[in-house]
Structure formats: C-alpha cells, structure tokens
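# Working through the structure, step by step
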Amino acid sequence: MDLSARDARVLWHPFTQAATAPPPLPVVAAEGAYLILEDGRRIFDGLSSWWSTLHGHGEPRIVEAIARQAARLDHVLFAGCTHPPAVELAERLVALAPAGLDRVFFSDDGSTAVEVALKMAFQLHHDRGDRARRHFICLEGGYHGDTIGAMSAGDPRTFGEPFEPLLFPVTRVVPPLDRGALDDGAPAEDLSAALDVLDAAFDAQPGAVAAVVVEPMVQGAAGMRMMPAAYLRAVRERCDAHGALLIADEVMTGFGRTGRDFAVQHAGITPDLLCLSKALTGGTLPLAATLAPAVVHDAFLHEDMRRGFLHGHTFTANPIACAAANASLAIGGSLERVATFERFYAERLPVFQATRGVAKVRYRGSIGVVELEGGPEGYYHPVGPRIQRAMLERGYLVRPLGPVIYALPPLCATIDELAALFDGLEAVIDGL
C-alpha cells in the first residue's frame, strides 16, 4: 500500500476539506528548495512549507547542530531550569531585534506566541490596577493563528466563523493598502481615512484599549496584503498617546522575509511585544518567542506568585529547537539574498500586468504576488485549487490564497528557478 493510501486510513490534515481535496503529496525527503516524492519526483517548494523553511531543506549546519544537541541534552523543563542553547538564543534575539526588546519568552508556535502577547498585555494592565483596559484593536483580514485568543485577534470571516461565540470581542479596523514596492505607498487619502477609522476605534473605547495587534507591512493569510510604513508609524503614535501596547505579529515576516530583519524596521518603530516563530529555527523544528521590554517583564515581579506570568508549555525552549535556531541565525547573507529576490520581482512581476485576468501584482522582500481578478468568495475562490493543481503538474508547490498566487521560496532558490516558476504561472493563467 502506498503512502497516500495509508495516510487516508488514519490521518486528519490541517486546512483541508478531505471530501474534495486530492490525495496529499507523498513527501519522503527534501533537499534545498525541493521536496522529493515517493515516486522520485522533485517538487519546487514555492511557499517554504508554509513560510517556515528559511535557508533550504536539510541545511547541513542546522542538521549538524540538531544532532549535536540531541546527543547532549534532548529536553528539560524550563520552569526552574535553564540551558545554554536557550540563553544563547535569547541573547541573539535581543541583539537582533529593535532596541528595547530585551526579554524573551519562549513557546511552541505562532499561535502561542500571539496568545502569550495577548495575555501579557491584558495582565499587565490588570495588575497595574487599570482593569478597564481589556479591549483590543485588530486589523480586518488579520490572521494570528488558530487558538481561541489568536483567533479572536484575527478575522473570523476567513477560517473562524463557527467559533465566533467563543471569541472575545475586538474592534477591527481597515489598514490602508499599497502595491508593495511598486510605488511609494498608499494614496494619502487612503492613509488619512484609515487613521480616521483607527482614531474612532480608540475614541469608542476611551481608556479601555489594552493593545493594538498588527501583522506589520504584510498581512499573510489575507492575501499577502501590503501596507505603507507610514501607517505603522501612526499606529505606534496612537498607542503611545492612548496608553495601549503595540503587538507586532512577525511570525511570517520575521527573519528577513520583507527585506529587513523584522518588518517593523521598515517603519523605524519598536513594538511593545514582538511575536516570532516559523523561520526562527530555519523551519526545522517548532519554536516560538515573544519579545518584551524590561518594563513589561519587571511589572510582573512581585512577592505574590500569582502576580507572575503563569503561562507555559511542556516543550518551552526545547534545547534541540533552540540549537537549530542558533545555527540558523548564525548563517549570514539572508538580507542580501532577499534583496536579490526583490530585484527579480521588480523586473518580472510587472510583465503580468498585461496578462488577461490579472488584477494587480506586488512584492516585498522575498514575497512575490500575482493577484487575479477575484470574486466574493475571496480565500475560497475556486481558481486557487485549479492553479495549485496545474502548477503541481509542472513541478511547483504553491498554495494560492483564493485568487492570490504568491511565491515565498527558501533563500537557497536560484533566480533561474524563480524565473521558471513565474514562467509556468504565466502559462497556467493564460490557460485558465
């Protein structure tokens, strides 16, 4: 019995409608930018296995670090214990992050990194006696993960409608959108209108906003929607003026994906809480981190145990995962490689503007986007699966967000490979 048949008897896959989806790809190995299937076919991983594989599959320096650490210390609880890989990784992250974020709280994945940030913001105000601050402002189209708190901060219209009765209420505001490096940003009137909406959200909850939650510069699951840096700067200013924290979810955008180490650096701001995961370990093992300034950390110091931040996970700061992350961060040249991708997108993507059925294109850093003329279905537009199947036949794994097709490949991919991917995409679109 082949792998897909065995899978069908026992497994339940994420973000999949098993009644209509084709059998899953039987992946038995991976190398560089390629997945290797059971029958020997090599498939180009055009989305870095959900935006996580940074340098490439099987990067030897990360593999070696994992093996060394597994032989030395595989796991130890992180409540009351510490170990060298975690301390080293925290030191690296503090040095790399925007100035002022000097405490690191480890967890397991992007959802938990955001859950941690939401709980930190809420408890911070609660323990200071400012208990009216229990409201959050979030962005329409946002996606922050699939645990209840993360879903509350996200936009339930995409994946979470059945769970709306379980979600805590938030105010969602519409960010201004730009074309992502194809021009100088959103029109001034769009920025002004978006800030009016943001101001109204604060005014509707006077003294009650605990935090604003954003995916800075690029909203991933919403369709790789891109915003101007001026909007992020204005959000930072509003948070300061109203006494609210700014939570930046960089689970997707962190570690160079947008052309800077962190997307908030495009705006020259420092968030109060910074959420990281996915590429943190180079995409090899689950690990997440929430970074905070000392003033937030120190607010939880108290003789009463209950005033501490009582949150944790069994595999918090797993030594093997931390060793993988240290090895990944030690690999240089990522920003230079991303800049090469961005130059390619600048030349190649405008060609699609003349292609029948293409509404717009955009890019930022290592993310290149072709958006087709869509419809009311959005993420559920049937053109997405059609393009996914057609591209797979050509040897490329993509996972369109409805009518939005994007490339976000491992940084080991060559420009020739990227060019071939977009040549294939152009042919597929012409054949729709």
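In what follows, the accompanying structure is described. Just so you know, these numbers come straight off a predicted model, no measurement behind them.

### Quick notes on the packing of aromatic side chains
Taken as a whole and assessed by the stated rule, the structure comprises 17 aromatic pairs. Taken together, a centroid distance of 5.9 Å and an interplanar angle of 65° make the contact between Phe 44 and Tyr 396 edge-to-face. Residue Phe 44 is found in strand S3 (residues 42–45), and its partner Tyr 396 is found in strand S15 (residues 396–397); the two are separated by 352 residues along the sequence. What makes Tyr 396 buried here is its relative accessible area of 14%.

### A closer look at the sheet that holds strand S14 (residues 367–372)
Spatially, the 3 strands line up as an open sheet ordered S13-S14-S16, and their pairing is antiparallel. Every interior strand has two partners, whereas the edge strands, strand S13 (358–364) and strand S16 (404–407), have only one. When the angles between neighbouring strand axes are averaged without regard to direction, this sheet yields 15°. In the packing of helix H12 (residues 334–348) onto the sheet, contacts are made with S13, S14 and S16, and the angle to S13 comes to roughly 155°.

### Description of unusual backbone geometry
At Ser 48, a residue that is not glycine, the phi angle is positive and equals roughly 50°. Examined against the element boundaries, Ser 48 turns out to sit in helix H2 (residues 48–51). A positive phi angle, close to 65°, is found at Trp 50, a residue other than glycine.

### Focus: the side chain of Thr 258
With respect to the helices, strands and loops of the structure, Thr 258 is situated in the loop between strand S10 (245–249) and strand S11 (273–276). Of the residues examined, Thr 258 reaches a relative accessible area of 1% and is grouped as buried. At a separation of 3.0 Å, a polar atom in the side chain of Thr 258 contacts the side chain of His 266. Contact partners of Thr 258, with chain neighbours within four places excluded, come to Val 218, Thr 253, Ala 263, His 266, Arg 364 and Gly 365.

### Overview of the environment of Ala 427
Considering the arrangement of structural elements, one finds Ala 427 in helix H14 (residues 415–430). Taking relative accessible area as the criterion, Ala 427 reaches 33% and is therefore assigned partly exposed. Between the C-alpha atom of Ala 427 and that of Gly 207, which follows or precedes it by 220 residues, the distance is 54 Å.

### Focus: the environment of Gln 219
Residue placement: Gln 219 occurs in strand S8 (residues 218–219). Taking C-alpha positions, Gln 219 is 11 Å from Ala 248, a pair spaced 29 residues apart along the chain. Discounting residues that sit within four places of it in the chain, Gln 219 has contacts with Leu 139, Glu 140, Gly 141, Gly 142, Pro 175, Met 224, Arg 225 and Met 227.

### Notes on the packing of helix H3 (residues 60–72) against helix H11 (residues 319–330)
The description of two packed helices rests on the angle between their axes and on the distance between the axes. It is at 8 Å that the axes of H3 and H11 come closest, and there the two elements cross at 150°. One element, H3, and the other, H11, form an angle in the roughly antiparallel class. As for how H3 packs across H11, the hand of that crossing is right-handed. Listed contacts from H11 to Arg 61, Ile 62, Ala 65, Ile 66, Gln 69 and Ala 70 of H3 are Pro 319, Ile 320, Ala 323, Ala 324, Ala 327 and Ser 328. Classifying every residue of the contact of H3 with H11 by side-chain character gives 9 nonpolar, 2 polar and 1 charged.

### Structural notes on H12
Residue pairs spaced three or four apart in an α-helix point in one direction, given the helix's 3.6 residues per turn. Counted at 1.5 Å a residue, the expected span for H12 with its 15 residues is 21 Å, and the 21 Å between its end C-alpha atoms agrees. All buried positions along H12 are accounted for by Ser 334, Val 338, Phe 341, Phe 344, Tyr 345 and Arg 348. Taken down its axis, H12 places every buried residue within 115° of arc, on the same side. Opposite its buried face, H12 presents the exposed residues Glu 336, Arg 343 and Glu 347, each directed more than 90 degrees away.

### A look at the packing of H12 against H14
Interaxial distance between H12 and H14 falls to 11 Å at its minimum, and their mutual angle equals 35°. Where H12 crosses over H14, the two elements pack in a sense that is right-handed. Contacts between H12 and H14 involve Arg 337, Thr 340, Phe 341, Phe 344, Tyr 345 and Arg 348 from the first element and Ile 415, Leu 418, Ala 419, Phe 422, Asp 423 and Glu 426 from the second.

### With respect to a nonpolar patch on the surface
On the surface, Ile 148, Phe 163 and Leu 166 cluster together into a nonpolar patch covering about 280 Å² of accessible area. One can find Leu 166 in the loop between helix H7 (156–159) and strand S6 (171–173). For Leu 166, a relative accessible area of 57% puts it in the exposed group.

### A closer look at the pattern of salt bridges
In total, this model carries 17 salt bridges according to the counting rule given. Here Arg 238 and Glu 237 are joined by a salt bridge, their closest N and O atoms 4.0 Å apart. For Asp 304, the salt bridge goes to Arg 306, with nearest N and O atoms at 3.2 Å. Owing to a relative accessible area of 67%, Arg 306 belongs among the exposed residues under this scheme. Salt bridges here are not isolated pairs; linked through shared partners, they connect Glu 140, Asp 155 and Arg 157.

### Considerations on the nonpolar core
Ranked by internal contacts, the top residues of the largest apolar core, which has 93 residues, are Met 224, Tyr 231, Val 370 and Phe 422. Each residue touching Tyr 231, except ones within four places of it in the same chain, is listed here: Leu 139, Val 173, Val 174, Pro 175, Pro 176, Leu 191, Ala 194, Leu 195 and Leu 198.

Thresholds applied
- All residue numbers here refer to positions counted from 1 along the written sequence of the relevant chain.
- pLDDT decides what is reported in this predicted model: residues at 70 or higher carry local features, side-chain atom pairs at 80 or more are listed and counted, and totals for whole chains, interfaces and linings draw on all residues regardless.
- Note that the side-chain values use all heavy atoms of the structure and ignore hydrogens as well as water.
- Only the six-membered ring of Trp is used, alongside the rings of Phe and Tyr, when aromatic pairs are assigned; centres must lie within 6.5 Å, and planes under 30 degrees apart are stacked while those over 60 apart are edge-to-face, with the rest tilted.
- The helix count covers DSSP runs of H or I at least four residues long, the strand count covers runs of E at least two residues long, and both are numbered beginning at the N terminus.
- Residue exposure (1.4 Å probe, protein chains only): buried if accessible area is under 20% of the type maximum, exposed if over 50%, otherwise partly exposed.
- What makes two strands pair is DSSP finding at least two bridges between them.
- Comment: axis = line fitted to C-alpha atoms, over the contacting stretch for helices; angle = value between 0 and 180 degrees taken between N-to-C directions.
- Every residue pair with non-hydrogen atoms within 4.5 Å of one another is taken to be in contact.
- Counted as a polar contact is a pair of N or O atoms within 3.5 Å, where, for protein atoms, one must be capable of donating a hydrogen and the other of accepting one, and residues adjacent in sequence contribute only when both atoms are in side chains.
- With respect to orientation, any angle under 35 degrees is reported as roughly parallel, any angle over 145 as roughly antiparallel, any angle of 65 to 115 as roughly perpendicular, and every other angle as oblique.
- Left-handed describes a crossing whose near helix is turned anticlockwise from the far helix through less than a right angle; right-handed describes the clockwise counterpart.
- Side-chain classes follow a simple rule in which Ala, Val, Leu, Ile, Met, Phe, Trp, Tyr, Cys and Pro form the nonpolar group, Asp, Glu, Lys and Arg form the charged group, and the remainder, Gly included, forms the polar group.
- Multiplying one less than the number of residues by 1.5 Å gives the expected span of a helix.
- Throughout, the arc means that of the directions going from the helix axis to the C-beta atoms.
- Grouping into patches uses exposed residues only, defined as over 30% relative accessible area, and leaves out salt-bridged ones; the cut-off is 9 Å for like charges and 5 Å for nonpolar side chains (Val, Leu, Ile, Met, Phe, Trp, Tyr).
- Computed by Shrake-Rupley with a 1.4 Å probe, the accessible areas treat only the displayed protein chains as cover when residues are assessed.
- A pair is scored as a salt bridge if a Lys or Arg side-chain nitrogen falls within 4 Å of a carboxyl oxygen belonging to Asp or Glu.
- Residues belong to a common nonpolar core when they are buried Ala, Val, Leu, Ile, Met, Phe, Trp, Tyr or Cys residues joined through side-chain atoms within 4.5 Å.

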